[in-house]
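Here is what each chain is made of, one letter per residue.
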Amino acid sequence: MEQKKRKRMYALVKINLKVAAAVLVSLALCCAAVITVSAVTSEEGVEIPIVMYHSLLKDEARHGKYVISPAEFENDLQYLKKHGYTTILMSDLIAYTQGKELPEKPVLLTFDDGYYNNYLYAFELAKQYQCKFVISPIGYYADQYTDTPDENAYYSHATWEELQEMAESGLVEVQNHSYNLHKSDGSRLGVKKVSGETETQYESMLSQDLLTAQEKIEQHVGMRPTTFVYPFGAVSKGTPEIVRKLGFSATLSCEEHISKITRDPESLFGLGRYLRVSGGHSADFFEKKMHLK
Ligand SMILES: [Zn+2]
(Lines give C-alpha, C1' and ligand atoms only; values in the text may rest on other atoms or scores of the structure.)
Protein backbone atom coordinates (compact mmCIF):
# COMPACT_ATOMS: atom_id res chain seq x y z
CA MET A 1 0.00 0.00 0.00
CA GLU A 2 2.73 2.44 1.06
CA GLN A 3 4.79 1.57 -2.02
CA LYS A 4 1.83 2.15 -4.36
CA LYS A 5 1.26 5.62 -2.83
CA ARG A 6 4.93 6.52 -3.22
CA LYS A 7 4.92 5.36 -6.89
CA ARG A 8 1.84 7.50 -7.59
CA MET A 9 3.52 10.51 -5.99
CA TYR A 10 6.62 10.03 -8.12
CA ALA A 11 4.44 9.85 -11.21
CA LEU A 12 2.65 13.09 -10.26
CA VAL A 13 5.93 14.89 -9.62
CA LYS A 14 7.20 13.66 -13.00
CA ILE A 15 4.08 14.93 -14.77
CA ASN A 16 4.32 18.29 -13.02
CA LEU A 17 7.96 18.63 -14.01
CA LYS A 18 7.07 17.80 -17.59
CA VAL A 19 4.31 20.45 -17.60
CA ALA A 20 6.63 23.03 -16.05
CA ALA A 21 9.31 22.29 -18.65
CA ALA A 22 6.77 22.56 -21.45
CA VAL A 23 5.53 25.89 -20.10
CA LEU A 24 9.10 27.19 -19.87
CA VAL A 25 9.89 26.10 -23.42
CA SER A 26 6.75 27.70 -24.82
CA LEU A 27 7.43 30.91 -22.87
CA ALA A 28 10.92 31.02 -24.29
CA LEU A 29 9.53 30.46 -27.78
CA CYS A 30 6.95 33.19 -27.25
CA CYS A 31 9.58 35.72 -26.19
CA ALA A 32 11.79 34.75 -29.09
CA ALA A 33 8.86 35.17 -31.45
CA VAL A 34 7.99 38.60 -30.02
CA ILE A 35 11.59 39.77 -30.21
CA THR A 36 11.96 38.52 -33.77
CA VAL A 37 8.73 40.16 -34.95
CA SER A 38 9.50 43.56 -33.44
CA ALA A 39 13.07 43.48 -34.75
CA VAL A 40 11.90 42.68 -38.26
CA THR A 41 9.23 45.38 -38.13
CA SER A 42 11.56 48.12 -36.95
CA GLU A 43 14.26 47.04 -39.39
CA GLU A 44 11.94 46.80 -42.36
CA GLY A 45 9.56 49.74 -42.04
CA VAL A 46 7.84 51.23 -45.07
CA GLU A 47 9.36 53.48 -47.73
CA ILE A 48 7.24 56.59 -48.26
CA PRO A 49 7.61 58.54 -51.50
CA ILE A 50 6.69 62.18 -50.86
CA VAL A 51 6.07 64.72 -53.63
CA MET A 52 6.35 68.50 -53.20
CA TYR A 53 4.17 70.82 -55.27
CA HIS A 54 3.63 74.58 -55.05
CA SER A 55 1.50 76.39 -57.66
CA LEU A 56 -0.80 75.10 -60.38
CA LEU A 57 -1.40 77.45 -63.31
CA LYS A 58 -2.69 76.95 -66.86
CA ASP A 59 -0.44 79.73 -68.21
CA GLU A 60 2.52 77.98 -69.87
CA ALA A 61 4.66 81.10 -69.61
CA ARG A 62 4.69 80.65 -65.86
CA HIS A 63 5.54 76.94 -65.78
CA GLY A 64 8.86 75.99 -64.22
CA LYS A 65 10.30 74.85 -60.94
CA TYR A 66 7.49 75.99 -58.68
CA VAL A 67 4.57 76.15 -61.12
CA ILE A 68 3.16 73.22 -63.04
CA SER A 69 -0.06 72.91 -65.03
CA PRO A 70 -3.26 71.46 -63.56
CA ALA A 71 -3.05 68.89 -66.41
CA GLU A 72 0.39 67.77 -65.22
CA PHE A 73 -0.96 67.31 -61.71
CA GLU A 74 -3.91 65.37 -63.11
CA ASN A 75 -1.52 63.14 -65.05
CA ASP A 76 0.38 62.49 -61.82
CA LEU A 77 -2.85 61.40 -60.12
CA GLN A 78 -3.73 59.17 -63.07
CA TYR A 79 -0.26 57.61 -63.04
CA LEU A 80 -0.44 56.88 -59.31
CA LYS A 81 -3.94 55.37 -59.58
CA LYS A 82 -2.96 53.24 -62.58
CA HIS A 83 0.10 51.90 -60.77
CA GLY A 84 -1.77 50.97 -57.61
CA TYR A 85 -0.60 53.78 -55.32
CA THR A 86 -2.77 55.09 -52.50
CA THR A 87 -2.43 58.71 -51.41
CA ILE A 88 -2.11 59.01 -47.65
CA LEU A 89 -1.86 61.83 -45.09
CA MET A 90 0.49 62.58 -42.19
CA SER A 91 -2.15 61.18 -39.82
CA ASP A 92 -1.68 57.79 -41.53
CA LEU A 93 2.08 57.91 -40.98
CA ILE A 94 1.61 58.83 -37.32
CA ALA A 95 -0.94 56.00 -36.96
CA TYR A 96 1.62 53.61 -38.47
CA THR A 97 4.13 54.44 -35.73
CA GLN A 98 1.33 53.64 -33.27
CA GLY A 99 0.79 50.16 -34.71
CA LYS A 100 -1.73 50.66 -37.51
CA GLU A 101 -0.99 49.46 -41.04
CA LEU A 102 -0.48 51.46 -44.25
CA PRO A 103 -1.86 50.62 -47.68
CA GLU A 104 0.41 48.50 -49.85
CA LYS A 105 1.80 51.31 -52.04
CA PRO A 106 1.50 54.56 -50.09
CA VAL A 107 2.42 57.97 -51.50
CA LEU A 108 2.18 61.41 -49.93
CA LEU A 109 1.42 64.52 -52.00
CA THR A 110 2.21 67.90 -50.43
CA PHE A 111 1.45 71.48 -51.50
CA ASP A 112 3.54 74.23 -49.90
CA ASP A 113 2.59 77.88 -49.24
CA GLY A 114 -1.21 77.49 -49.48
CA TYR A 115 -1.93 79.08 -52.87
CA TYR A 116 -5.49 79.81 -53.93
CA ASN A 117 -4.78 77.88 -57.15
CA ASN A 118 -4.41 74.73 -55.02
CA TYR A 119 -8.03 75.22 -53.94
CA LEU A 120 -9.05 76.09 -57.50
CA TYR A 121 -7.40 73.15 -59.30
CA ALA A 122 -5.79 70.60 -56.96
CA PHE A 123 -8.79 70.30 -54.65
CA GLU A 124 -11.18 69.80 -57.59
CA LEU A 125 -8.93 67.08 -59.03
CA ALA A 126 -8.52 65.46 -55.62
CA LYS A 127 -12.30 65.19 -55.35
CA GLN A 128 -12.57 63.84 -58.87
CA TYR A 129 -9.91 61.17 -58.33
CA GLN A 130 -10.56 60.68 -54.61
CA CYS A 131 -6.92 61.45 -53.86
CA LYS A 132 -5.57 63.07 -50.72
CA PHE A 133 -2.97 65.80 -50.21
CA VAL A 134 -1.33 67.86 -47.51
CA ILE A 135 -1.46 71.66 -47.80
CA SER A 136 0.86 73.80 -45.71
CA PRO A 137 -0.19 77.46 -45.82
CA ILE A 138 1.83 80.44 -44.62
CA GLY A 139 -0.45 81.67 -41.83
CA TYR A 140 0.16 85.36 -42.49
CA TYR A 141 -1.08 85.11 -46.09
CA ALA A 142 -4.15 83.08 -45.12
CA ASP A 143 -4.97 85.96 -42.73
CA GLN A 144 -4.30 88.59 -45.39
CA TYR A 145 -6.42 86.99 -48.14
CA THR A 146 -9.22 86.27 -45.66
CA ASP A 147 -9.29 89.96 -44.73
CA THR A 148 -9.06 91.12 -48.36
CA PRO A 149 -10.42 88.36 -50.62
CA ASP A 150 -8.91 88.36 -54.10
CA GLU A 151 -9.44 85.23 -56.15
CA ASN A 152 -6.50 85.47 -58.51
CA ALA A 153 -4.93 82.16 -59.55
CA TYR A 154 -1.57 83.86 -60.17
CA TYR A 155 -0.75 85.21 -56.76
CA SER A 156 -3.58 84.78 -54.25
CA HIS A 157 -3.44 82.50 -51.24
CA ALA A 158 -6.33 80.38 -49.98
CA THR A 159 -8.52 81.94 -47.29
CA TRP A 160 -9.16 80.25 -43.94
CA GLU A 161 -12.63 79.36 -45.20
CA GLU A 162 -11.22 77.63 -48.27
CA LEU A 163 -8.67 75.78 -46.14
CA GLN A 164 -11.46 74.69 -43.80
CA GLU A 165 -13.59 73.48 -46.71
CA MET A 166 -10.70 71.40 -48.01
CA ALA A 167 -9.95 69.94 -44.57
CA GLU A 168 -13.60 69.09 -43.98
CA SER A 169 -13.69 67.04 -47.19
CA GLY A 170 -11.40 64.53 -45.48
CA LEU A 171 -9.14 64.62 -48.55
CA VAL A 172 -6.90 67.44 -47.39
CA GLU A 173 -4.80 67.84 -44.28
CA VAL A 174 -3.58 71.32 -43.25
CA GLN A 175 -0.08 71.52 -41.80
CA ASN A 176 2.19 74.27 -40.42
CA HIS A 177 4.57 76.20 -42.72
CA SER A 178 5.17 79.03 -40.17
CA TYR A 179 2.99 82.06 -39.53
CA ASN A 180 5.30 84.72 -40.93
CA LEU A 181 8.78 83.29 -41.34
CA HIS A 182 8.49 82.33 -45.00
CA LYS A 183 11.01 84.92 -46.14
CA SER A 184 14.31 84.70 -47.95
CA ASP A 185 15.01 88.36 -48.68
CA GLY A 186 15.88 89.66 -45.21
CA SER A 187 18.53 88.68 -42.77
CA ARG A 188 16.75 85.46 -41.76
CA LEU A 189 16.21 82.57 -44.17
CA GLY A 190 12.96 80.83 -43.16
CA VAL A 191 13.21 79.64 -39.56
CA LYS A 192 17.01 79.77 -39.41
CA LYS A 193 18.77 81.36 -36.46
CA VAL A 194 20.50 84.65 -37.27
CA SER A 195 23.96 85.62 -36.05
CA GLY A 196 23.97 87.54 -32.82
CA GLU A 197 20.69 85.95 -31.69
CA THR A 198 20.95 84.12 -28.37
CA GLU A 199 19.49 80.63 -28.04
CA THR A 200 16.80 81.96 -25.72
CA GLN A 201 15.86 84.73 -28.15
CA TYR A 202 15.77 82.26 -31.02
CA GLU A 203 13.61 79.74 -29.17
CA SER A 204 11.19 82.45 -28.08
CA MET A 205 10.92 83.93 -31.61
CA LEU A 206 10.41 80.51 -33.24
CA SER A 207 7.94 79.27 -30.63
CA GLN A 208 5.87 82.43 -30.89
CA ASP A 209 5.63 82.25 -34.67
CA LEU A 210 4.92 78.52 -34.94
CA LEU A 211 2.37 78.55 -32.13
CA THR A 212 0.58 81.53 -33.72
CA ALA A 213 0.17 79.40 -36.86
CA GLN A 214 -0.97 76.41 -34.75
CA GLU A 215 -3.63 78.47 -33.00
CA LYS A 216 -4.86 80.19 -36.17
CA ILE A 217 -5.16 76.87 -38.03
CA GLU A 218 -6.91 75.22 -35.11
CA GLN A 219 -9.30 78.16 -34.75
CA HIS A 220 -10.17 78.52 -38.44
CA VAL A 221 -9.76 75.02 -39.83
CA GLY A 222 -10.73 72.94 -36.80
CA MET A 223 -7.61 70.76 -36.73
CA ARG A 224 -4.26 71.24 -35.00
CA PRO A 225 -1.32 70.54 -37.31
CA THR A 226 0.86 67.59 -36.41
CA THR A 227 3.63 68.42 -38.85
CA PHE A 228 6.00 71.32 -39.38
CA VAL A 229 7.08 71.93 -42.97
CA TYR A 230 10.41 73.81 -43.03
CA PRO A 231 10.21 76.91 -45.28
CA PHE A 232 12.91 76.46 -47.98
CA GLY A 233 13.99 73.39 -46.03
CA ALA A 234 16.17 75.75 -43.97
CA VAL A 235 17.19 74.44 -40.53
CA SER A 236 19.65 75.60 -37.86
CA LYS A 237 21.38 73.68 -35.10
CA GLY A 238 18.79 73.37 -32.35
CA THR A 239 15.73 74.01 -34.57
CA PRO A 240 14.51 70.36 -34.62
CA GLU A 241 14.64 70.20 -30.80
CA ILE A 242 12.49 73.35 -30.46
CA VAL A 243 10.03 72.02 -33.05
CA ARG A 244 9.72 68.75 -31.08
CA LYS A 245 9.24 70.69 -27.85
CA LEU A 246 6.33 72.57 -29.41
CA GLY A 247 4.52 69.26 -29.83
CA PHE A 248 5.01 68.47 -33.51
CA SER A 249 5.04 64.76 -34.36
CA ALA A 250 6.74 65.08 -37.75
CA THR A 251 8.70 67.43 -40.03
CA LEU A 252 9.04 67.66 -43.79
CA SER A 253 12.30 68.76 -45.38
CA CYS A 254 13.17 69.71 -48.97
CA GLU A 255 15.87 67.08 -49.32
CA GLU A 256 15.22 64.76 -52.20
CA HIS A 257 15.24 61.22 -50.87
CA ILE A 258 12.77 58.50 -50.02
CA SER A 259 12.23 58.17 -46.27
CA LYS A 260 11.69 54.94 -44.45
CA ILE A 261 9.07 55.01 -41.70
CA THR A 262 9.36 52.50 -38.90
CA ARG A 263 7.24 51.91 -35.80
CA ASP A 264 9.59 54.34 -34.06
CA PRO A 265 7.96 57.84 -33.95
CA GLU A 266 11.45 59.35 -34.40
CA SER A 267 11.39 58.12 -38.00
CA LEU A 268 8.81 60.85 -38.79
CA PHE A 269 11.30 63.72 -38.47
CA GLY A 270 13.12 65.19 -41.47
CA LEU A 271 11.19 63.32 -44.16
CA GLY A 272 12.53 63.77 -47.69
CA ARG A 273 10.45 65.14 -50.57
CA TYR A 274 10.86 65.32 -54.33
CA LEU A 275 10.10 68.61 -56.07
CA ARG A 276 7.77 68.08 -59.04
CA VAL A 277 8.87 70.58 -61.67
CA SER A 278 7.00 71.35 -64.87
CA GLY A 279 7.82 69.43 -68.05
CA GLY A 280 8.36 65.74 -68.52
CA HIS A 281 5.80 63.01 -68.24
CA SER A 282 4.52 61.75 -64.91
CA ALA A 283 6.15 58.37 -65.61
CA ASP A 284 9.54 60.08 -66.03
CA PHE A 285 9.16 61.97 -62.79
CA PHE A 286 8.00 59.00 -60.73
CA GLU A 287 10.23 56.36 -62.31
CA LYS A 288 13.41 58.21 -63.24
CA LYS A 289 13.54 60.86 -60.53
CA MET A 290 11.82 59.11 -57.63
CA HIS A 291 12.73 55.57 -58.74
CA LEU A 292 9.23 54.22 -58.16
CA LYS A 293 8.21 50.98 -59.80
ZN1 LIG B 1 7.28 77.34 -48.86
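Each value, and the rule that gives it
- Positions within a chain are numbered from 1, following the residues in the order the chain's sequence is written.
- Predicted model: local features are reported for residues with pLDDT of at least 70 only, side-chain atom pairs are reported and counted for 80 or more only, and whole-chain, interface and lining totals are derived from all residues.
- No hydrogens and no water enter the side-chain calculation; it runs on all heavy atoms of the structure.
- Each reported salt bridge corresponds to a side-chain nitrogen of Lys or Arg within 4 Å of a carboxyl oxygen of Asp or Glu.
- Only DSSP runs of H or I reaching four residues or more are called helices, and only runs of E reaching two or more are called strands; each is numbered from the N terminus.
- Relative accessibility thresholds used throughout: buried, under 20% of the residue-type maximum; exposed, over 50%; partly exposed, between the two (1.4 Å probe, protein chains only).
- In this scheme Phe, Tyr and Trp rings, the latter by its six-membered ring, pair at centre separations within 6.5 Å, and the angle between planes marks the pair as stacked below 30 degrees, edge-to-face above 60, and tilted otherwise.
- Note on criteria: charge over ring means Lys NZ or Arg CZ within 6 Å of the ring centre, with the direction from the centre no more than 35 degrees off the ring normal.
- Pairs of strands are assigned from DSSP output, requiring at least two bridges between the strands.
- A donor here means an N, O or S atom no more than 2.8 Å from the metal, or no more than 3.2 Å when the metal is Na, K or Ca. Since water is not included, a site may seem to lack partners.
- Throughout this description, the term nonpolar core refers to a set of buried Ala, Val, Leu, Ile, Met, Phe, Trp, Tyr and Cys residues connected via side-chain atoms within 4.5 Å.
- Every residue pair with non-hydrogen atoms within 4.5 Å of one another is taken to be in contact.
- Our arc is simply the arc of the directions from the helix axis toward the C-beta atoms.
- In this analysis an axis means a line fitted to C-alpha atoms, helices contributing only their contacting stretch, and an angle means the value between N-to-C directions, from 0 to 180 degrees.
- Orientation labels follow simple angle bins: below 35 degrees gives roughly parallel, above 145 gives roughly antiparallel, 65 to 115 gives roughly perpendicular, and whatever is left gives oblique.
- Crossing handedness follows the turn of the near helix against the far one: under a right angle anticlockwise gives a left-handed crossing, and clockwise gives a right-handed one.

> Where do I start with the pattern of salt bridges in this structure?
Pairing between side chains of opposite charge can happen when their charged atoms approach one another. Applying the stated rule across the entire model yields 11 salt bridges. Of the charged contacts, one joins Arg263 and Glu101 as a salt bridge, the two residues approaching to 2.6 Å between their closest N and O atoms. Of this pair, Arg263 sits in the loop between strand E11 (259–261) and strand E12 (274–275) while Glu101 sits in the loop between helix H3 (90–97) and strand E6 (106–113); the two residues are 162 residues apart in sequence, bridging distant segments of the chain. What makes Arg263 partly exposed here is its relative accessible area of 22%.

> Even after reading the chapter, I still don't get the packing of aromatic side chains, so can you show me in this structure?
To describe a pair of aromatic rings, one takes the distance between the centres and the angle between the planes. Taken as a whole, this structure holds 12 aromatic pairs when the rule is applied. Both rings, one in Tyr53 and one in Phe111, keep their centres 4.9 Å apart while their planes meet at 15 degrees; by these two values the pair is stacked. Residue Tyr53 is found in strand E2 (residues 50–53), and its partner Phe111 is found in strand E6; the two are separated by 58 residues along the sequence. You'll find Tyr53 and Phe111 in the same group, each marked buried. Ring centres of Tyr119 and Phe123 lie 6.0 Å apart, and the angle between their planes is 20 degrees; this geometry places the pair in the stacked category. A residue pair is termed a helical-turn pair when its members lie 3 or 4 positions apart in one helix, as Tyr119 and Phe123 do in helix H4 (residues 116–129) at 4 residues. Here the two residues Tyr119 and Phe123 agree in accessibility, since each one is buried. Here the aromatic residues Tyr53, Phe73, Phe111 and Phe133 are joined through ring pairs into a cluster of three or more. The ring centre of Tyr85 lies 4.5 Å from the NZ or CZ of Lys105, which sits over that ring. Positioned above the aromatic ring of Phe269 is the side chain of Arg244, whose terminal nitrogen or guanidinium carbon lies 4.1 Å from the ring centre.

> Looking at this structure, how should I read the pairing of E2?
A regular strand carries its side chains on alternate faces of the sheet. The alternating pattern of E2 places Ile50 and Met52 and Val51 and Tyr53 on opposite faces, both of which are buried. Relative to E6, E2 is paired through 4 bridges, and the arrangement is parallel. When the bridges of E6 are listed, Met52 appears paired with Thr110. Where E2 and E12 come together, 2 bridges link them in parallel fashion. Counterpart to Val51 in the pairing with E12 is Tyr274.

> Just checking my understanding: could you explain the coordination of the zinc ion for this structure?
The reference angle at a metal is 109.5 degrees if four donors form a tetrahedron and 90 or 180 degrees if six donors form an octahedron. With distances of 2.1 to 2.2 Å, the protein atoms coordinating the zinc ion are Asp113 (OD), His177 (NE2) and His182 (NE2). In primary sequence terms, the donor set of the zinc ion follows D-x63-H-x4-H. In this pair, the class of His177 matches that of His182, namely buried.

> Looking at this model, I keep getting lost on the nonpolar core. Mind explaining?
The nonpolar side chains of soluble globular proteins are, as a tendency, buried together. Grouped together as the largest cluster of nonpolar side chains are 39 residues, with contacts concentrated most on Phe73, Leu109, Phe133, Met166 and Phe286. For this core, the element with the highest residue contribution is H4, accounting for 8 residues. Once residues within four sequence positions are removed from consideration, Met166 is found in contact with Tyr119, Phe123, Phe133, Ile135, Ala158, Leu171 and Val172. Counting residues in hydrophobic clusters, the runner-up holds 18 residues, among them Leu93, Ile94, Ala250 and Leu271.

> Could you clarify how one ought to interpret helix H6 (residues 160–168) in this entry?
Owing to its 3.6 residues per turn, the α-helix brings residues three or four apart onto one side. Among the residues making up H6, those that are buried are Trp160, Glu162, Leu163, Met166 and Ala167. Considered in projection along H6, the buried side chains sweep an arc of 160 degrees and stay on one side of the axis. Facing away from the buried side of H6, by more than 90 degrees, are the exposed residues Glu161 and Glu168. Backbone geometry just downstream of H6 places Gly170 in the positive-phi region, at approximately 85 degrees.

> Explain the packing of helix H2 (residues 70–82) against H4 to me, please; I cannot follow it from the model alone.
The relative placement of two packed helices is expressed as an angle between their axes plus a distance between the axes. Closest axis-to-axis distance for the H2/H4 pair is 10 Å, and the angle between their directions is 25 degrees. Compared by their axis directions, H2 and H4 come out roughly parallel. Seen along the crossing, H2 lies across H4 with a hand that is right-handed. Taking contact as the criterion, the partners of Pro70, Phe73, Glu74, Leu77, Gln78 and Lys81 in H2 are, on H4, Tyr121, Ala122, Leu125, Ala126, Gln128 and Tyr129.

> Looking at this structure, how should I read the environment of Leu206?
By secondary structure assignment, the location of Leu206 is in helix H7 (residues 199–221). Along the chain, Leu206 and Ile242 lie 36 residues apart, while their C-alpha atoms are 8.0 Å from each other. Residues within four places of Leu206 in sequence aside, it is in contact with Leu181, Val191, Thr239, Ile242 and Leu246.

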